[in-house]
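# Chain and residue survey
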Amino acid sequence: MNSVSLARSRNGEAFPASWFNEKILMGMGGRAYLRSLVTPFNVLVTAILTVGLPLLVHRFTAGLGATTNLSQTQPWGLWIGFDMMTGIVLAAGGFTLSAAVHLFGVHEYHPIVRPAILTAFLGYLMAVCGLLADLGKPWNIIMAIRYQGSASALFEVAWCVMMYTTVLLLEFLLPAFEWLGWRRAHARLTQAMLGLTVLSVVFSTMHQSALGSLFLIAPAKLHPLWYSPYIFIFFFVSALAAGISMVVVEGTLSHRIFRHRLTGTHVDMDQLQLGLGKAGAIVLFAYFFLKLQGVAEGRHWELLFTGWGAWFLLEIVGFVLVPSLLYGYGARYRKVRFVRAGAIVAVVGIVLNRLNVSIIAYNWNRPNHYIPSWKEVMISLTLVTLGVIAFRWIANRMPILAEDPRYAQEH
Amino acid sequence: MYENEFLNLYGAKVVEYVLAIVYLVLFVGYWRWVQGEKAPGVEPDPEAEPARRRP
């Protein structure tokens, strides 16, 4: 059935049909819109979802044993290490950038706050979905609200993730209201933005570090090169670096993919990314020395000459110091390509760090080390794919990459 | 009696402090390099600059 006639039959007037065509089908007719969906990217997405979504249903019907290689000694696997830990740290661009713009007054970065917030919101939703898949009894997630385990780092993470996801939803509603044309709701929300930004910084600071604190109770399980009593500081500082790097990577990709959506005021993306490069260089440089302090504090210098030491050095030199220098070189000599390359290497490095801490170097000395099953990998890939297509669907319709000029005076 | 370990200057702490000092020194240099600042004393003479450009 044609979507236009569907809208007419439900509402009995022409207005909803044109609204549906304009807002949902991006100004196209039903058939033209369906034809526009046939692209190589969408074929790939369909193939992934065709396998992944039934697997997700299989996980909730058949249980963890049927879908994962998790065990009593390795209760945390890919869904915690990748979807939760990595999803959340890569979403740090939302609070990093909104704090820089709304709290510290660096207003030139205002045009790239919305994509960062949308990325953060979808990243947190992906993390929550991964967590629900990982919990043996997902319905028990409500226990974090019912029982006050205030001495637990996991309790802090649970509450902060709940709160921050709510804050991100509210921040995301601003472009959604512009898209819907709800002026009154938009004006109310605009007034609340400063408060929401303060809350986002508070909640993010608390749980980005608390995710590292989760490992403070496992000094015997985590390899000494990655374990440190300062691990929560490492998690927070690396989250700042991840946020800056993700904003550069996501900005580069979205400005190429959604170029047709960039109307109105021109944003000098190269200039913004050079500025982010300076910040990234400094934060990663500090993070590199903090990691060395962790080794010094634990007196583990001799472990650097083992196989695990080589892996650790690859992480902190290859994926922390090298991107810092790439950022620095690019920012100093105004070569934005180096900044972008540094951002990609830094993002890979932060992902590697979270996987090292939660999977690779965790239970490092036990036989039969955990390797995720293909079903776990496929479900993770499905969740990432859902996040990507959600970003594309929203960015193609709502004023994410460029603000609606009719609302400009309210910001 | 227990010794007050806080006041003992044992090896690991020396390494940590040395590392922190090295970091601070390098950080200042790195910060200036990233910002594109020149080290003090190596600023070009503004009067010599036009003279050099003369054919």
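Residues numbered from 1 in each chain as written. Chains lettered and ligands numbered in written order. Predicted model: local features only at pLDDT ≥ 70, side-chain atom pairs only at ≥ 80, totals over all residues.

## Let's talk about the overall build of chain A
Helix and strand counts for chain A come out as 16 helices and 0 strands. The C-alpha radius of gyration of chain A comes to 22 Å, within 12% of the 22 Å expected for a compact globule of 411 residues. Overall, chain A is about 75 × 55 × 45 Å in size when its C-alpha atoms are taken along their principal axes. In chain A, which comprises 411 residues, the proportion classed as buried is 42%. Taking as baseline every contact in chain A between residues at least 6 positions apart, the subset at least 24 positions apart corresponds to 79%. (Helix = DSSP H or I, 4+ residues; strand = E, 2+ residues; numbered from the N terminus. Rg over C-alpha atoms; globule rule 2.2 N^0.38 Å. Buried ≥ 20, exposed ≤ 12 C-beta atoms within 10 Å, placed from the backbone. Contact = placed C-beta atoms within 7 Å.)

## Regarding the overall build of chain B
Looking only at helices and strands, chain B has 2 helices and 0 strands in total. Classification of the 55 residues of chain B by burial places 2% in the buried group.

## Points about the domain arrangement of chain A
Residue and element names in this part refer to chain A. By domain assignment, chain A separates into domain 1 (1–38) and domain 2 (39–405). Contacts between the two partners involve 4 residues from domain 1, matched on the other side by 5 residues from domain 2. Partitioned by chemical class, the residues of the side of domain 1 that touches domain 2 number 3 nonpolar, no polar and 1 charged. (Domains from an automatic or database assignment. Nonpolar A, V, L, I, M, F, W, Y, C, P; charged D, E, K, R; others polar.)

## Some points on the confidence of the model for chain B
Mean pLDDT over chain B: 70, with 45% of residues reaching 70 or higher. Scoring of the predicted complex yields 0.85 for pTM and 0.74 for ipTM. (pLDDT = per-residue confidence, 0-100.)

## Concerning the interface of chain B and chain A
If you look at the interface, chain B gives 12 residues, while chain A gives 13 residues. Residues of the side of chain B that touches chain A, tallied by class, amount to 9 nonpolar, 2 polar and 1 charged.

## Some thoughts on unusual backbone geometry
One non-glycine residue with positive phi stands out, namely R299(A), at about 55 degrees. Take R299(A): there are 14 C-beta atoms within 10 Å of it, and that puts it in the partly exposed class.

## Some points on the environment of E108(A)
You can see E108(A) is positioned in the loop between α7 (93–103) and α8 (113–134). Sequence separation between E108(A) and Q148(A) is 40 residues; the distance between their C-alpha atoms is 42 Å.

## Some thoughts on the packing of helix α6 (residues 78–90) of chain A against α8(A)
Residue and element names in this part refer to chain A. Contact geometry for α6 and α8: axes closest at 8 Å, N-to-C directions at 160 degrees. Judged by the inter-axis angle, α6 sits roughly antiparallel to α8. Crossing hand, α6 versus α8: left-handed. Contact residues: W79, I80, D83, M84, G87, I88 and L90 in α6; G123, Y124, M126, A127, G130, L131, A133 and D134 in α8. Of the residues that constitute the contact of α6 with α8, the class distribution is 10 nonpolar, 3 polar and 2 charged. (Axes fitted to C-alpha atoms, helices over the stretch in contact; angles between N-to-C directions. Parallel < 35°, antiparallel > 145°, perpendicular 65-115°, else oblique. Left-handed = near helix turned anticlockwise from the far one by under 90°.)

## Digging into the nonpolar core
In this structure, Y124(A), A241(A), A242(A), V283(A) and L284(A) are the most contacted members of the largest nonpolar core, which totals 102 residues. Discounting residues that sit within four places of it in the chain, A241(A) has contacts with G280(A), V283(A), L284(A), Y287(A), A346(A) and I350(A). (Core = buried A, V, L, I, M, F, W, Y, C linked by C-beta atoms within 7 Å.)

## Here's the deal with the environment of L326(A)
Residues and elements named next belong to chain A. Locating L326 in the fold gives a position in helix α14 (residues 307–332). Given 25 C-beta atoms within a 10 Å radius, L326 is considered buried. Measuring from C-alpha to C-alpha, the distance between L326 and A281 comes to 7.7 Å, with 45 residues separating the pair along the chain. Setting aside anything within four residues of it in sequence, one finds L326 in contact with F338, A341, G342 and V345.

## A look at the confidence of the model for chain A
If pLDDT is low for a region, its predicted coordinates should not be looked at in detail. When pLDDT is averaged across chain A, the result is 89; 94% of the residues are at 70 or more. Long-range and interchain partners of residues 1–14 of chain A, a stretch whose pLDDT sits below 50, account for 15 contacts in this model, where long-range means more than four residues apart.

## Considerations on the packing of α7(A) against helix α11 (residues 183–213) of chain A
Residues and elements named next belong to chain A. In contact at an axis separation of 9 Å, α7 and α11 are set at 135 degrees when each is read in the N-to-C sense. Taken together, the axis directions place α7 and α11 in an arrangement best described as oblique. Between α7 and α11 lies a crossing whose hand is left-handed. Judged by residue contacts, G94, F95, S98, A99, H102 and L103 of α7 engage M193, L194, T197, S200, V201 and S204 from α11.

## Let's talk about the environment of Y227(A)
All names here are of chain A. Considering the arrangement of structural elements, one finds Y227 in the loop between α11 and α12 (231–257). Looking at Y227, the number of C-beta atoms within 10 Å reads 21, which means it is buried. Through-space distance from the C-alpha of Y227 to that of Y362 is 9.5 Å; in sequence the pair is 135 residues apart. Apart from the residues within four sequence positions on either side, Y227 is in contact with F215, P219 and L222.

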